[in-house]
Amino acid sequence: MSPRRELEPEFASYYGRPILKEPTWEARDIAGYLFAGGLAGASSAIAAAAQLTGRPALARVSRIGAVGGLGFSVVALVHDLGRPARFVNMLRVAKPTSPMSVGSWLLAGYGPLAGAALLSDLTGIARPAGYAAGVGAGVLGAGVATYTSALFADTAVPAWHEGRHELPFLFAGSAVCAASGFALIGSPTAQVAPLRTLAVGGAALELSMSARMPRSAGLAGETFGLGRAGALMRSARVATAVGALGAGVLGGRSRAVAAASGLALLAGSALTRFGIFEAGRLSTQDPKYVVVPQRERLAQQDREAATVG
Amino acid sequence: MTKVDLGMPRMGFFTDTTVCIGCKACEVACKEWNAVPAKPLNLTGESFDNTSGLTADSWRHVAFIEKTVPAPGDDGAKDVKWLMSSDVCKHCTHAACLDVCPTGSLFRTEFGTVVVQQDICNGCGYCVSACPYGVIDQREDDGRVFKCTMCYDRIGDGGEPACAKACPTDSIQYGELDLLRDKASRRVAELHAQGLTDARLYGQSPDDGVGGTGAFFLLLDEPETYGLPPDPVVTTRDLPGMWRRTAVAAATLLAGVAVSFAGARR
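Residues numbered from 1 in each chain as written. Chains lettered and ligands numbered in written order. Predicted model: local features only at pLDDT ≥ 70, side-chain atom pairs only at ≥ 80, totals over all residues.

Focus on the overall build of chain B
Put simply, the rule reads: Counting from the N terminus, the helices are the DSSP runs of H or I reaching at least four residues and the strands are the DSSP runs of E reaching at least two. With C-beta atoms placed from the backbone, a residue is labelled by how many other C-beta atoms lie within 10 Å of its own: buried for 20 or more, exposed for 12 or fewer, partly exposed between the two.
If you tally the helices and strands in chain B, you get seven helices and ten strands. Judged by the C-alpha coordinates and their principal axes, chain B covers about 90 × 50 × 40 Å. The burial tally for chain B puts 48% of its 266 residues in the buried class.

What follows is the structure, encoded as structure tokens:
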């Protein structure tokens, strides 16, 4: 093979205008929600595990992380609506074909459980019920942290749709990083041992998926490395790796190192979400991400038809 | 995929671009009838097109393409060939906008068309990112999404949509989709016989990625030349796989937490 770069494939367009509409969503609201929802959901899972294994301080910190993330999520989601006053229409129907509908119902079930778990923990009222609510929130939390991958993948946005194989695992890893990062900042050193394992595992998942996605997403995969999206994704990888390394190697010894690692993990998770959001937007702006892969698909079908015929 | 029986004929648009003269009467009639807000004139320099695309405030859009072609004769001179086409919402058989709408605002009418119920839409914008044609759009000062309704009010009263009514050359034809598809196939055969081998139908096949469209077109060039995607798909087609992977990812998350806590030192 010659080292020559392949020429840009030629394609026709209408005055170079985009075919797709850019997402109407604000990055602050929706990328912010991906991060906060991930933080909330995974924090509830951590809180439930901490409760069951007798780590009450860690459980409380994670419950605070869950409710904090949830609070931000709800405000961001309502704020991003074109008609915020009509947010309750989200619960007008239940549609499995709409990840946003599924997510609304998930949040409607998860929110009160996460809230009740924290309230019971802080006030000491109805502790057994609070524990049960916490376990329920932990299970639903895993759904809250990951359903957003289906929400993004089920769009015509090339980078998001073509990244559909990795997105669920990338989001799961990113959510685990955020939640273990938050808990590392607030928990006593004696109780953080499981978080260190979890942070390393979450980071490994996030980093491996974030490395694989640009390759498996075809032409649109290049948007994960371009411009602002590329800068965000690269910073995310550095922050996540630093955070995981800090938490995994030194996090058990020093509270300060654990907190700094936690901050880096949180930053890495947030940067990943903003990077993915930005890459999606980029992939709608240039018609080549629509035309070229679809042309290739048609050509492939023609070749297959020719072989069969 | 299953075919939904509407109990009455599915209605549609057949836009035959070979007879479009670029008068934009469809754009004007649509705006008039549907009370779609006007936009300040923006001179794009892109031939006669200053609408530029379908938006919340433009439900018909006439594209103008000046294609350079060899002039008649053998002297190698160039000439310009006009391509004009009135674009519109495709009213897909498998409509992504309708699939993903979380409020049920978007719905399938008894005519097989796809319409937004404006009193329900909460402006979440999911349909905008779901549409593989980039049709449906949010009106910024209003917050809700808008698109062609195929004049639901007019056709419900036995009339034809305003654009089809106003079209002076019958480039835009409204009618029963099955009949329009037959008519379009005959028209293509006729054009091929006349030597216009570039003539092709777009959106007419029920086997395409959206199950065929309720508004389909006879084009004289590749779809992308007109700003149309060459092989659009409804992404909800892949949703079962996405849900499966999401469930596996959620289970991985829970398993990871369980293993980390179970294996940790006290």
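Let's pick the thread back up.
A few points about the overall build of chain A
Put simply, the rule is: Note that the radius of gyration is over C-alpha atoms, with the globule rule given as 2.2 Å times the number of residues to the power 0.38.
Summing up its helical and strand segments, chain A has ten helices and zero strands in all. Listing each helix as α and each strand as β along chain A from the N terminus yields α-α-α-α-α-α-α-α-α-α. Computed over C-alpha atoms, the radius of gyration of chain A comes to 21 Å, within 12% of the 19 Å expected from 2.2 N^0.38 for 309 residues, which places it in the range of a compact globule. Oriented by its inertia axes, the alpha-carbon framework of chain A measures out at about 70 × 50 × 35 Å. When burial is assessed residue by residue, chain A has 59% of its 309 residues classed as buried.

What about the UniProt feature "transmembrane region" (unreviewed entry) in chain B?
Test applied: UniProt positions are given in the numbering used here, feature names are shortened, and annotations may be inferred rather than shown by experiment.
The sites that carry the UniProt feature "transmembrane region" (unreviewed entry) are, in the present numbering, residues 246–264 of chain B. What you have in residues 246–264 of chain B is 89% helix and 0% strand, and the ends, taken at the C-alpha atoms, are 27 Å apart.

Here's the deal with the environment of B:Gln138
Formally: C-beta atoms are first placed from the backbone for all residues, and any pair lying within 7 Å is then listed as a contact.
By the secondary structure assignment, B:Gln138 is in strand β6 (residues 137–138). For B:Gln138, a count of 20 C-beta atoms within 10 Å gives the class buried. Linking B:Gln138 and B:Glu176, residues 38 residues apart in sequence, is a C-alpha distance of 30 Å. Among residues more than four places away in sequence, those in contact with B:Gln138 are A:Thr24, A:Gly82, B:Ala56, B:Gly123, B:Gly125, B:Val128, B:Gly143 and B:Val145.

Thoughts on helix α10 (residues 288–308) of chain A
Side chains three or four residues apart in an α-helix point the same way, a direct result of the helix having 3.6 residues per turn. Quick reminder of the rule: Take the number of residues in a helix, subtract one, and multiply by 1.5 Å to get its expected span.
Relative to the 30 Å expected for 21 residues at 1.5 Å per residue, α10(A) spans 30 Å between its end C-alpha atoms, a close match to the ideal helical length. The secondary structure elements touched by the buried residues of α10(A) are α5 (158–162) and α9 (255–285) of chain A.

What about the packing of helix α7 (residues 193–216) of chain A against helix α7 (residues 239–262) of chain B?
Put simply, the rule reads: Where helices are involved, their axes are fitted lines through C-alpha atoms of the stretch in contact, as for all axes, and angles between N-to-C directions lie from 0 to 180°. Less than a right angle of anticlockwise turn of the near helix away from the far helix marks a crossing as left-handed, whereas a clockwise turn marks it as right-handed. For this classification, Asp, Glu, Lys and Arg are treated as charged, while Ala, Val, Leu, Ile, Met, Phe, Trp, Tyr, Cys and Pro are nonpolar and the rest, including Gly, are polar.
The contact between α7(A) and α7(B) brings their axes to 8 Å, and the two run at 145°. When the axes of α7(A) and α7(B) are compared, the crossing they make is right-handed. On the side of α7(A), the interface is formed by A:Pro194, A:Thr197, A:Leu198 and A:Gly201, while α7(B) contributes B:Gly256, B:Val257, B:Ser260 and B:Phe261. Per-class residue counts for the contact of α7(A) with α7(B) are four nonpolar, four polar and no charged.

With respect to the domain arrangement of chain B
Residues and elements named next belong to chain B. Stated formally: Reported domain spans reflect what an automatic or database domain assignment gives.
Its domain assignment divides chain B into domain 1 (11–233) and domain 2 (234–266). Between the C-alpha centres of domain 1 and domain 2 there is a distance of 42 Å. With ten residues of domain 1 in contact, the opposing surface of domain 2 contributes four residues. A per-element tally of the side of domain 1 that touches domain 2 places helix α2 (residues 96–100) first, with three residues. Classifying every residue of the side of domain 1 that touches domain 2 gives seven nonpolar, two polar and one charged.

A closer look at the interface of chain B and chain A
Counting from both sides, the interface comprises 56 residues of chain B and, opposite them, 65 residues of chain A. Elements represented by at least two residues in the side of chain B that touches chain A include exactly α2, α3 (126–130), β6 and α7 of chain B.

Observations concerning the UniProt feature "transmembrane region" (unreviewed entry) in chain A
Residue and element names in this part refer to chain A. Annotation from UniProt places "transmembrane region" (unreviewed entry) at residues 30–52, 64–82, 102–119, 131–152 and 167–186. As annotated, residues 102–119 comprises 100% helix and 0% strand, and the C-alpha atoms at either end are separated by 26 Å. The straight-line gap between the two end C-alpha atoms of residues 131–152 is 33 Å; of that span, 100% is helix and 0% is strand.

Notes on the environment of A:Thr240
All names here are of chain A. Among the secondary structure elements, Thr240 is positioned in helix α8 (residues 227–250). Separated by 22 residues in sequence, Thr240 and Gly262 place their C-alpha atoms 9.5 Å apart. Thr240 has contacts with Cys177, Ala203, Glu206, Leu207, Leu265 and Gly268, leaving out every residue within four places of it along the chain.

Some remarks on the sheet that holds strand β8 (residues 172–176) of chain B
Residues and elements named next belong to chain B. Here is the rule we go by: When DSSP finds two or more bridges between a pair of strands, those strands are recorded as paired.
An order of β8-β1-β10-β9 is seen for the four strands of this open sheet, with the pairing classed as mixed. Across the chains shown, the open sheet's two edge strands, defined by having one partner strand only, are β8 and β9 (200–202). Recorded for the sheet is a direction-independent mean angle of 25° between the axes of neighbouring strands.

Re the pairing of strand β10 (residues 215–219) of chain B
Residue and element names in this part refer to chain B. Most of β10 sits inside the fold, with five of its five residues counted as buried. Of the two faces of β10, the one carrying Ala215, Phe217 and Leu219 and the one carrying Phe216 and Leu218 are both buried. Where strand β1 (residues 11–16) meets β10, four bridges bridge the pair, whose relative direction is parallel. By the bridge assignment, Thr15 is partnered in β10 with Phe217. In terms of strand pairing, β9 meets β10 through three bridges, oriented antiparallel. Looking at β10, one finds that Leu201 is bridged to Leu218.

A word on the nonpolar core
Rule in force here: For this analysis, nonpolar core means a set of buried Ala, Val, Leu, Ile, Met, Phe, Trp, Tyr and Cys residues linked through C-beta atoms within 7 Å.
One finds B:Cys97, B:Cys127 and B:Leu253 to be the most contacted residues of the largest nonpolar core, which totals 174 residues. Ranked by residues supplied to this core, first place goes to helix α1 (residues 27–52) of chain A with 15 residues. Composition of this core by domain shows at least three residues from each of domain 1 (11–233) and domain 2 (234–266) of chain B. What B:Leu253 contacts, discounting residues up to four positions off in sequence, is A:Ala42, A:Ala45, A:Ala142, A:Ala145, A:Thr146, A:Ala172, A:Ala175 and A:Val176.

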